[in-house]
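# Structural characterization, general
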Amino acid sequence: MNWIPLQTESQLEEIKNKSTLRPQLIFKHSTRCSTSAVVKGRLERAPKPESIDFYYLDLISYRPVSNKIAHLFQIDHESPQVLLIRNGECVYDESHMGITMQDIEVAAF
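Computed from a predicted model, the values in this text were never measured in an experiment.

## A short note on the sheet that holds strand 2 (residues 24–29)
- Strand order in the open sheet formed by 5 strands is 1-3-2-4-5, with mixed pairing between adjacent strands. Two strands bound the open sheet, and with one partner strand each, they are strand 1 (4–5) and strand 5 (89–95).
- Looking at chain direction, strand 2 and strand 4 (residues 81–86) are connected through 5 bridges and run antiparallel. If you follow Gln24 over to strand 4, its bridge partner there is Ile85.
- With respect to the sheet, helix 3 (residues 63–73) is in contact with strand 2, strand 3 (53–58), strand 4 and strand 5, its orientation differing from that of strand 2 by roughly 135 degrees.
- Sheet strands touched by helix 4 (residues 101–108): strand 2, strand 3, strand 4 and strand 5. Its angle to strand 4, the strand with the most contacts, is close to 20 degrees.

As structure tokens, this is what we get:
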């Protein structure tokens, strides 16, 4: 999987804009959490839908970006967590062991 690093708040506007053309996924990962590591590995082993851009946020290093995501998309913070953005809005979010590539793909279309 080729994650796109999410490291700045300005990238969130880019994600919103790109989401009008194709779904954008944000994966909020805690590098200190074993559950988050399991979920990340599971996502990386699954076939990746080519029609979705996958962003990776290390929320320990970039906590202000994580806080901005929660505010911008009106979604409570959890970790690990995925948010699927389409047409500038979060249309799907899931956390912890509920995160699966199959559910992401279904929600994207």
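So much for the structure itself; the text now carries on.
## Re the side chain of Gln11
- Mapped onto the secondary structure, Gln11 falls in helix 1 (residues 10–18).
- Classification of Gln11 by relative accessible area gives buried; the value is 14%.
- A distance of 2.9 Å separates a polar atom in the side chain of Gln11 from the backbone oxygen of Pro5.
- For Gln11, the side chain forms a polar contact with the main-chain nitrogen of Thr8, separated by 3.0 Å.
- Beyond its immediate sequence surroundings of up to four residues, Gln11 is in contact with Pro5, Leu6 and Tyr55.

Criteria and cut-off values
Think of each chain on its own: its residues are numbered from 1, step by step along the sequence as written. Only residues with pLDDT of 70 or above have their local features reported here, since the model is predicted, and side-chain atom pairs are shown and tallied only from 80 upward, although totals for entire chains, interfaces and linings are computed over all residues. Based on all heavy atoms of the structure, the side-chain values leave hydrogens and waters out of the count. Any two strands between which DSSP finds at least two bridges are classified as paired. Numbering of helices and strands starts at the N terminus; helices are DSSP runs of H or I of at least 4 residues and strands are runs of E of at least 2. We call two residues contacting when some pair of their heavy atoms lies within 4.5 Å. Every axis in this analysis is a line fitted to C-alpha atoms, fitted for helices over the stretch in contact. Angles between the N-to-C directions lie between 0 and 180 degrees. With a 1.4 Å probe rolled over the protein chains alone, any residue whose accessible area is under 20% of its type maximum counts as buried; one over 50% counts as exposed, and the rest are partly exposed. Side-chain atoms alone can form a polar contact between residues adjacent in sequence; in general such a contact is a pair of N or O atoms within 3.5 Å, and within protein one must be able to donate a hydrogen while the other accepts it.

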